[in-house]
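The primary structure of each chain is shown beneath.
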Amino acid sequence: MATYSQKLREQKRLDTDRLMNLLSRFSIHIVIILLSLGCLFPLLLIVSASFTDEIALTRFGYNLIPTQFSTDAYAAIFRTPGVIIRAYLVTIFTTVVGTILALALMSPLAYALSRPDFILRKPLSLFVFFTMLFSGGIVPYYILMTQYLRVQDTVLALILPYLVVVYYVLILRTYFAALPSELIDAARVDGAGEFRIFISIALPLAKPALATIALFTALNYWNDWTTALYFVRDPQLYPLQYMLYIIQSNAQAMQLQGSVGNITVGEVPTQTARMAMAVLATGPAALMFLVFQRYLVRGVTLGAFR
Amino acid sequence: MDASFEQPMKTSVVPVAAPRKRFESLRGHKFSRNLVWLLMSLPAILWILVFKYMTLFGVWIAFTDFKVRRGVFGSDFVGLDNFRFLFATDTALRATANTIFLNVLFITGGLVASLLIAWLMYEIYSSKLTRFYQTMLLLPRFISWVVVGYFVYALLATDNGLINNILRNVGLQPISWYATPQAWPGILLLTSLWSGMGIGSLIYLSGMLAIDLQLFEAARIDGANKWQQFSHITLPIILPLVVINLLLSLAFILNADFGLFFQVTRNQPLLYSTTDVLDTYIYRSLIVTQNVSMAAAAQFYQSIVGFVLVLLFNWIVRRIERADEPLALF
């Protein structure tokens, strides 16, 4: 009998345990969902502002739900779409060309450095990876770009900076090094040349790592505004993000001058139009992120974030 | 070296003349293979040479009175004068202090938040939901700082920002945030957490997922509660990961994320007292005031401290790492 009541008590304890467990799991889910919403919230705020009537935005302020729904901001942008289309073209061009070139430069280097019987592997690796420890920084780089290469105000200035990211080379090299050597040996026996082996065996096998690096590189190009801040003065060459920065800082300057009682500086888009442009500029990057997010999560495990 | 030395596998079964020929062709292959690899490396090597090594010579600018038309090596050598001027200004010292203070704030905050989120995610791990949560938490990292600046403005604008609206609605005085420097360490910390905690937590979560479940089972039988399990099993096991991340971020304590400090503060001079960091200071010296020598001096100081700290911390990591689990960078 004692054993029976003991069992009963035990059973009861387990039930409360399970209930507690369920409750705590439930509250953890709530916490994480709140955090996720917190991550999304600022973006929703911008989207909402872009669909708000300009006067309502000035009067009632920013809100998660438009106080007065309106598509005027988008209509205004598409009435004179020249500027944003131009910026889009610049950004798309640099992103596509930059990403392709970056992969074309980084993956052969990473592959060569991953070959154990490459005589120059050690010295070249040292040469490449030392740059992660010490960098001259932005000042010599600025002088190099503007005084020696003289690429300011050219599309080259926007593409060159992210062509080789040494950290990505490191990741690719690790991935190539882990590929089964049997396949490569077999191809060699079949008489395939080294370059052919790289193209038709190593690259296809490394697709996941390549996709991750491609995505990171593409997002680097898409979100880049610092390069234009340093090297682009020609409005024809403004990439999207830099154009966003410029209209924001023009609006700021106008506000400042307005309060002093001066006249406006040029044409400045309304507040809602600026928000709409931010939405249009972020949309493709966010889409890229959502479609390829599994490569990003893989990127984390590969160590693609510093 | 004798050719036969490279091919010890040869046996007497093979006719004597044949292997010679094969060696030669193999040696030829070996040479051509290395040549191909070298050619494959060249384009990227060239890029690194120009953008990473030629810029190294540029640190010389820090020791000259740089004049654009006289070039890097044509400008007058002035020894340590630039550094003397640099450290004589309050701005550079303030920028250094801000950089260190804010980085310590971000590193501590980021570490606590990432560990906590990783632990929570681990407790409720299910492949589908976790992936959804991860996507949400990672998203902020891929929003450009310009756009982040936009929505921080939507939150903090003095006249119609969301936060001031809320303050007004509950009967409080609105605050002109872009003129209140003391609020900004907190604002920047929140922004940096928003942007970085997804990645941080994901790194620690993948470390936790590698832990043997039997350890927790045994602890549970011994009556350990969740917190005890975390502090006695999870934390010690992922500690190496934590330490290496911590040391890496500490090594770059003088480097700040330019985008965060430039865009989110809208480069507002009223806020410089708490938000001006070395990277924004260097930008201003280089582009706005165009004092290239001064910018170069600040840059060199930042780079050399980073270099020394990386070497130092790598040495420390080598001391504490276990042989079966190498952690050091090099």
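Here the structure is a predicted model, which is why all the values come from computation and not from measurement.

**Considerations on the overall build of chain B**
Here comes step 1: Counting its secondary structure elements, chain B contains 14 helices and two strands.
Here comes step 2: Counting all 330 residues of chain B, 37% fall into the buried class.
Here comes step 3: Taking the intrachain contacts of chain B between residues at least 6 apart in sequence as the baseline, contacts between residues at least 24 apart amount to 65%.

**Section: the overall build of chain A**
Here comes step 1: Scanning chain A for helices and strands turns up 15 helices and zero strands.
Here comes step 2: For chain A, the spread of C-alpha atoms along the three principal axes comes to 80 × 80 × 35 Å.
Here comes step 3: Here chain A, with 306 residues, has 38% of them falling under the buried criterion.
Here comes step 4: Contacts spanning at least 24 positions in sequence make up 68% of the contacts within chain A whose residues lie at least 6 apart.

**Considering the packing of helix 4 (residues 82-114) of chain A against helix 11 (residues 207-222) of chain A**
Residue and element names in this part refer to chain A.
Here comes step 1: At a minimum axis distance of 9 Å, the contact between helix 4 and helix 11 shows a crossing angle of 140°. With respect to their mutual orientation, helix 4 and helix 11 come out oblique. Both helix 4 and helix 11 take part in a crossing whose hand is right-handed. Of helix 11, the residues touching helix 4 (which contributes Thr91, Thr94, Thr95, Gly98, Thr99, Ala102, Leu103 and Ser107) are Leu210, Ile213, Ala214, Thr217, Ala218, Tyr221 and Trp222.

**Remarks on helix 6 (residues 145-156) of chain B**
Here comes step 1: Taking 1.5 Å per residue as the helical rise, helix 6 of chain B with its 12 residues ought to reach 16 Å, and the 16 Å between its terminal C-alpha atoms agrees with that figure.
Here comes step 2: Where burial is concerned, most of helix 6 of chain B is hidden: 11 out of the 12 residues are buried.

**Focus: the interface of chain B and chain A**
You'll often see interface size given as the accessible area lost when the parts meet.
Here comes step 1: Tallying the contact residues gives 65 residues for chain B and 73 residues for chain A.
Here comes step 2: When residues of the side of chain B that touches chain A are traced back to their parent elements, those giving at least two are helix 1 (17-57), helix 4 (90-123), helix 5 (127-138), helix 6, helix 7 (162-169), helix 8 (184-209), helix 13 (278-288) and helix 14 (292-320) of chain B.
Here comes step 3: Looking at the side of chain B that touches chain A, the element that brings in the most residues is helix 1 of chain B, giving 16 residues.
Here comes step 4: Residues that form the side of chain B that touches chain A fall into these classes: 46 nonpolar, 15 polar and four charged.

**A look at the domain arrangement of chain B**
Here comes step 1: According to the domain assignment, chain B contains domain 1 (3-57) and domain 2 (85-320).
Here comes step 2: Relative placement of domain 1 of chain B and domain 2 of chain B: their C-alpha centres are 46 Å apart.

**Notes on the confidence of the model for chain A**
Here comes step 1: With 92% of its residues at a pLDDT of at least 70, chain A reaches an overall mean of 87.
Here comes step 2: Every residue in residues 260-266 of chain A scores below 50 in pLDDT, and together they form seven contacts with partners more than four places removed in sequence or on other chains.

**Describing the environment of Ile46 of chain A**
Here comes step 1: Locating Ile46 of chain A in the fold gives a position in helix 1 (residues 2-50).
Here comes step 2: Exposure remark for Ile46 of chain A: the 21 C-beta atoms within 10 Å place this residue in the buried category.
Here comes step 3: Ile46 of chain A sits 228 residues away from Arg274 of chain A along the chain, and the two C-alpha atoms are 9.6 Å apart.
Here comes step 4: When residues no more than four places from it in sequence are discounted, the contact partners of Ile46 of chain A are Met275, Ala278 and Val279 of chain A together with Tyr150, Phe151 and Ala154 of chain B.

**Quick notes on unusual backbone geometry**
Here comes step 1: Not every positive phi belongs to a glycine, and Asp153 of chain A is a case in point at roughly 60°.
Here comes step 2: Its location among the elements puts Asp153 of chain A in the loop between helix 6 (138-148) and helix 7 (155-159).
Here comes step 3: With a phi angle near 55°, Arg266 of chain B is a residue other than glycine that sits in the positive phi range.
Here comes step 4: When you line up the elements, Arg266 of chain B lands in the loop between helix 11 (258-263) and helix 12 (272-275).
Here comes step 5: On the basis of neighbour count, Arg266 of chain B is assigned to the partly exposed category, with 17 C-beta atoms found within 10 Å.

**Quick notes on the environment of Leu57 of chain A**
Residue and element names in this part refer to chain A.
Here comes step 1: In this structure, Leu57 sits in helix 2 (residues 54-60).
Here comes step 2: Note on Leu57: 26 C-beta atoms within 10 Å, which makes it buried.
Here comes step 3: Between the C-alpha atoms of Leu57 and Thr272, which are 215 residues apart in sequence, the distance is 7.7 Å.

**Some words on the environment of Leu138 of chain B**
Here comes step 1: Assignment of secondary structure puts Leu138 of chain B in helix 5.
Here comes step 2: Those residues in contact with Leu138 of chain B that lie beyond four places of it in its chain are Leu296 of chain A together with Gly198, Ile199 and Leu202 of chain B.

**Remarks on the domain arrangement of chain A**
All names here are of chain A.
Here comes step 1: With domains assigned, chain A is organised as domain 1 (9-70) and domain 2 (81-302).
Here comes step 2: Just the C-alpha atoms count here: the centres of domain 1 and domain 2 sit 33 Å apart.
Here comes step 3: Counting residues per element, the ones that place at least two in the side of domain 1 that touches domain 2 are helix 1 and helix 2.

**A word on the confidence of the model for chain B**
All names here are of chain B.
Here comes step 1: The predicted model of chain B averages 86 in pLDDT, with 89% of residues at 70 or higher.
Here comes step 2: At the low end of the mean pLDDT range in chain B sits helix 1, at 80; at the high end sits helix 11, at 95.
Here comes step 3: In this model residues 1-24 is a low-confidence stretch, pLDDT under 50, and it forms five contacts with partners more than four residues away in sequence or in other chains.
Here comes step 4: Our summary of model confidence lists the complex with pTM equal to 0.86 and ipTM equal to 0.87.

What counts as what
Residues numbered from 1 in each chain as written. Chains lettered and ligands numbered in written order. Predicted model: local features only at pLDDT ≥ 70, side-chain atom pairs only at ≥ 80, totals over all residues. Helix = DSSP H or I, 4+ residues; strand = E, 2+ residues; numbered from the N terminus. Buried ≥ 20, exposed ≤ 12 C-beta atoms within 10 Å, placed from the backbone. Contact = placed C-beta atoms within 7 Å. Axes fitted to C-alpha atoms, helices over the stretch in contact; angles between N-to-C directions. Parallel < 35°, antiparallel > 145°, perpendicular 65-115°, else oblique. Left-handed = near helix turned anticlockwise from the far one by under 90°. Expected span 1.5 Å × (residues − 1). Nonpolar A, V, L, I, M, F, W, Y, C, P; charged D, E, K, R; others polar. Domains from an automatic or database assignment. pLDDT = per-residue confidence, 0-100.

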